[in-house]
Amino acid sequence: LFLLLSSPEESNLPPDSENKILPFQYVLCAPTSPAIKLHDETLTYLNQGQSYEIRMLDNQKIGELPEITGKMVKSIIRVVFHDRRLQYTEHQQLEGWRWNRPGDRILDLDIPMSVGMIDPRANPTQLNTVEFLWDPSKRTSVFIQVHCISTEFTMRKHGGEKGVPFRIQIDTFKENENGEYTEHLHSASCQVKVFKPKGADRKQKTDREKMEKRAPQEKEKYQSSYETTILTECSPWPEVTYVNNSPSPGFNSSHNSFPVAEGYDCAETRWLQHSDSHGYATPQDAQQWLLRNRFSPFCRLFTNFSGSDLLKLTREDVIQICGPADGIRLFNALKGRVVRPRLTIYVCQESQQAREDHPKHENGEAAASTFFVYHAIYLEELTAIEFTEKLAQLFNISPRQIHQIFKQGPTGIHVLVSDEMIQNFQDEVCFVLDTMKGCEK
C-alpha cells in the first residue's frame, strides 16, 4: 500500500493553523463556571426552559468568502451528549426521553425574542435540533430553550447524583450549485449542564462560594468566570438518523469476556452475531433475541440496534440504558460471545533500508520470509474513509494528511483503494506501507 501524504514540513503543523481567524463566532450569553481548572474546557450552567441568547458574529475579512457575500447561510443548532458512551446510544436515549415526555422537545427556538433569523425550522423527528437561515452581514441573535435536564440521562436515581454534560453545537453551511445548504463553513461547540429552573443560578453561586474559600495559591489553578461563553471550533456533527449508521467505537481486542448468566445459551448469542449476510443479526433478529431472553421491556429502546450494535455495548452502556439489575443481566447474556470485526488487516511501515533489502511481491504484499512488525487494523464499515482514519490513528497523524491510498497492482501500477476494493479484501490480509510526498497545489 502507498499513502500519499502532505510534505514533511506540513506534517508537523496542526490540520488548521491555530492563528487563523475563524469566519464566524458564536457567543452564548450565559456565564462560565469558576470551578473549572486551567486548560480544561469551560462549563456553563443553564436553567431548563429559560431563553438564552446566542450571538451569531461574522469575523470575515473583507473579500475573504466572496461566495457568501450578500447571501444567506444556514446554521443548525444541536444539543448533543458530551459523553462518548452516550453518543453511541444517542438515538435510543432520545427515543426513551420522547417516550417519557410525549409532545415535548429537547431544544426549541424562542422566535419572538430572536433577531435576524429567517425561516426557522424544527424537525418533529429530531427533538434536539433546530435550524435557520441568517445573513452574516446583519445583526443576528437567536434565543434557545433547552427542555431536558442533565440528570434525566444519569443511571437510576437515588438523589444527589451528578447530571451528564451536554454540548451545544452549531454547524454553518453555505449553498451549493443546486441551492442546497450542504457545503460546510464552520462548526463550534461548548459544554453545558442543564438544571431545573433556578438550579443553574444556585449551582453558579455554590461554585463561586467554594472558590472564595480556597487559598490564593489554589485559586490560581482555576479559570476565571466570564459573563459569556464563547463556543470553540470543532468538527462538524455527523448527519445520522439511526445509531447503527453512527461512528462505532473502535474494536478492542482486549474485551473482557464475562460468563454467560445462568439460563442463557451460548448458541443463542452466537446466533445474534451470525444471522445476516454481513455476519451480524439484523435489527429484526435482535428484537426476537431480546424477546426470547426475557428482555421485552427494552425492545423499544433497542429498536434500531443490530446484533453488532448490541454486542458492542459496554457494561456501563447497558447499565446506563436499562438500570443496574436488568443492565447486568443483559450484559452477561450478550457477552457469551465477544463481537469480532468484519475485516482485519495487518500493516507495517518498512524503513528505507528494509525496502532495499527485501523487495515486495508485485501485488504490494510483503515476502513471507521478511521479518516486519505488523499492526492490526479492525474495520467495521469497510470504507476507504474508515481505513484512512484507522491508518492515521495508528501512525499518529491527521487523516487530512493522507490524500489517497494506493495498492500496488500487476507490473507495479498504483490502484486507488476504494470502498469496493476494501470490501473484497481477504480477512487478515497483510500489507507493507510505503509513503509518497504529495504534490504542492
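Cut-offs and rules
- Residues numbered from 1 in each chain as written.
- Predicted model: local features only at pLDDT ≥ 70, side-chain atom pairs only at ≥ 80, totals over all residues.
- Heavy atoms only, no water.
- Buried < 20%, exposed > 50% of the residue type's maximum accessible area, 1.4 Å probe, protein only.
- Helix = DSSP H or I, 4+ residues; strand = E, 2+ residues; numbered from the N terminus.
- Contact = heavy atoms within 4.5 Å.
- 1 Å grid on protein atoms, 1.4 Å probe; cavity = no way out; pocket = protein on both sides within 12 Å on 5 of 7 lines; lining within 4 Å.
- Points joined across faces, edges and corners; volume = space filled by probe spheres on them.
- Nonpolar A, V, L, I, M, F, W, Y, C, P; charged D, E, K, R; others polar.
- Pairing = 2+ DSSP bridges.

K.L.:
Would you mind going over helix H3 (residues 90–100) with me for this structure?
P.N.:
Each full turn of the α-helix corresponds to 3.6 residues, which orients residues three or four apart in the same direction. Of the positions making up H3, those classed as buried are Glu 90, His 91, Gln 92, Gln 93, Leu 94, Gly 96 and Trp 97. Looking at the buried side of H3, the elements it contacts are strand S5 (73–81), helix H2 (84–88) and helix H9 (315–322).

K.L.:
Please clarify how the layout of surface pockets should be interpreted in this entry.
P.N.:
Here the idea is plain: a probe the size of a water molecule rolls over the atoms and shows the empty space left. Volume-wise, the second largest pocket comes out at about 570 Å³. Lining of the second largest pocket is provided by 23 residues; of these, Lys 162, Gly 163, Lys 193, Phe 195 and Lys 203 occupy positions nearest its centre. Breaking the lining of the second largest pocket down by element, the ones donating at least two residues are strand S3 (43–47), strand S11 (181–195) and helix H4 (199–213). For the lining of the second largest pocket, the element with the highest residue contribution is H4, accounting for five residues. In the lining of the second largest pocket, the residues fall into eight nonpolar, six polar and nine charged.

K.L.:
Mind showing me how you'd approach the pairing of strand S9 (residues 140–146) here?
P.N.:
Looking down a regular strand, the side chains alternate between one sheet face and the other. Across the seven residues that make up S9, a large majority, seven, are buried. Alternating residues of S9 divide into Thr 140, Val 142, Ile 144 and Val 146 and Ser 141, Phe 143 and Gln 145, and every residue in both groups is buried. In this structure, strand S4 (residues 52–58) lies alongside S9, joined through five bridges in antiparallel fashion. Directly across from Glu 53, in S9, lies its bridge partner Phe 143. In this sheet, S9 lies alongside strand S6 (residues 107–109) in antiparallel orientation, the contact comprising three bridges. Each bridged residue has a counterpart across the sheet, and for Leu 109 the counterpart in S9 is Ile 144.

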